[in-house]
Amino acid sequence: MDGEVYETVGSLAGPSAVPDRCKNVIKELLDTEATYLNSLRDVLHGYQEPIRVQQHLPVKAEDVDTIFGNTFELHAFSKKLAKLFEVSQNDVFALASVFLDRESDFKIYTEYCTNHPRSIKTLTAAQQQPTAAEFFYGCQLALGHMLPLSAFLLKPVQRILKYHLLLADLLKQYGKAQGTANETYTALERAQLTMESVANYINVMMRKEEAMELISMVQGWTCDMDTGTLIMEGVFRAQGAKVKRKVYIFERLVLVTKRHKDNVNYLYKGHILHSQLTIVDTPPGIRDPLAFQLCSSDGKTPACILYAKDEKHKNKVLMQLRRLMLEHHPNLPEDIRLRMIESIEGGGSVVPMKEGEPHTTTTTVTKDKFQRQRVTKGKKLKEKNVCESQLEPAGTKHNDLSPACSTTSMDSAN
């Protein structure tokens, strides 16, 4: 085949043979599955079963369920999987089929992974009780573990995200040895994509669960919408506020909060949907290059002027916001859309404006205009911001880019 030399294994030169260069990957798959299975067994027999028979521990039965999740089901599934891997280790096609035939079974990990943050939170709270902490440490010593229970509760999350990486390595090695024009390579490729899809799905569900958990910690806001997954978060100084703002950028909105005095929860300061969001890269009257303004076109949410920690931080945040606004805004004029795309491709830096345009980037179609009045001979520049906060119909012509900003600020208090 075009001068390429492929490995064969004795008389097993068929497409399902195991080339030498693939054996190490298969061995790693089997060995790590056996180690993982032992870890699950230790969690079940060394922690979960003993804690259920202890009557004096200040740990509720429902808390035990939260801590261990569906570990029992994972152990049973992994036990079957390990046997199938062992039986199929000399047949690459059969090994690929193990993953393809059990795609739906791997979804069992979704429940465990989405519960994992609550598991660790509940375990940490339980270990604040001296008797419970002593019990868990005693179990660790009895098992001879160097690491605590929390490390072993993380292993299923790590394991489900590892399969597609091992299959990708196996696919690469098999392709080099036997070529890609055979049914075994095709089966391996499908298996790798299948497990990558499973991993991606679980990652999405974990991010959604994380978003719900974060929202539950925000006081003063009843979230009655789907925020989507959490994309980014950060801490910013805010104009006119003593306390820094914690900003969460979700898939469908940006949420601004501040730390509660209990240092655990957060207080709601405002949110803006990406479909109604306007960014002002250089807010009027502010010379600090790290400042930017978030405004809403609905006129209900006050404007928010934030300060990034450095230029790189600012560009990263604005680039992400522009990506989301491009995705969610329904009526972006083409010239603004193209300018935002140029800005994103430029790494988030501000796109140069045409002469006469205010130094802003917007993503809403509004009637607002900045009326700039220059006062002669030594008097400072004055700016008047006239905001009507109304969306114009698609196709309306515009002479400038104008943010829909409220004259009040969500950061006016503390």
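In what follows, the accompanying structure is described.

### Quick word on the pattern of salt bridges
Overall, the coordinates contain 11 salt bridges when judged by the stated rule. In this structure, the salt-bridge partner of R237 is D288, at a minimum N-O distance of 3.7 Å. Remark: D288 occurs in the loop between β6 (277-280) and β7 (291-296) and R237 occurs in strand β2 (residues 230-238); sequence separation between them is 51 residues. Taking the shortest distance from any N to any O, the salt bridge between E251 and R252 comes out at 4.0 Å. The structure contains a network of salt bridges with shared partners spanning D226, E251 and R252.

### Side note on helix α3 (residues 71-88)
In this model, α3 (18 residues) spans 25 Å end to end at C-alpha, consistent with the 26 Å of a helix rising 1.5 Å per residue. All of the buried residues in α3 are T71, L74, H75, F77, S78, L81, A82, F85 and S88. The buried side chains of α3 occupy one side of the element, clustering within an arc of 170° when seen end-on. Exposed positions of α3 whose direction lies more than 90 degrees from the buried face are F72, K80, K83 and V87.

### Examining the side chain of H164
Its place among the elements puts H164 in helix α9 (residues 163-178). For H164, a relative accessible area of 14% translates into the label buried. Those residues in contact with H164 that sit more than four places away from it in its chain are Q192, M195, E196 and A199.

### Side note on the nonpolar core
The nonpolar side chains of a soluble globular protein tend to be buried, and buried together. Membership of the largest hydrophobic core comes to 54 residues, with the highest contact counts inside it found for F106 and Y163. The leading source of residues in this core is helix α1 (residues 20-52), at 10 residues. Other than its neighbours up to four places away in sequence, Y163 contacts L29, E33, L81, F85, F99, F106, Y109 and M195. Among the nonpolar cores identified, the runner-up in size contains 27 residues, and L306, L321, L332 and I336 belong to it.

What counts and how
Residues numbered from 1 in each chain as written. Predicted model: local features only at pLDDT ≥ 70, side-chain atom pairs only at ≥ 80, totals over all residues. Heavy atoms only, no water. Salt bridge = Lys/Arg side-chain N within 4 Å of Asp/Glu carboxyl O. Helix = DSSP H or I, 4+ residues; strand = E, 2+ residues; numbered from the N terminus. Expected span 1.5 Å × (residues − 1). Buried < 20%, exposed > 50% of the residue type's maximum accessible area, 1.4 Å probe, protein only. Arc of directions from axis to C-beta. Contact = heavy atoms within 4.5 Å. Core = buried A, V, L, I, M, F, W, Y, C linked by side-chain atoms within 4.5 Å.

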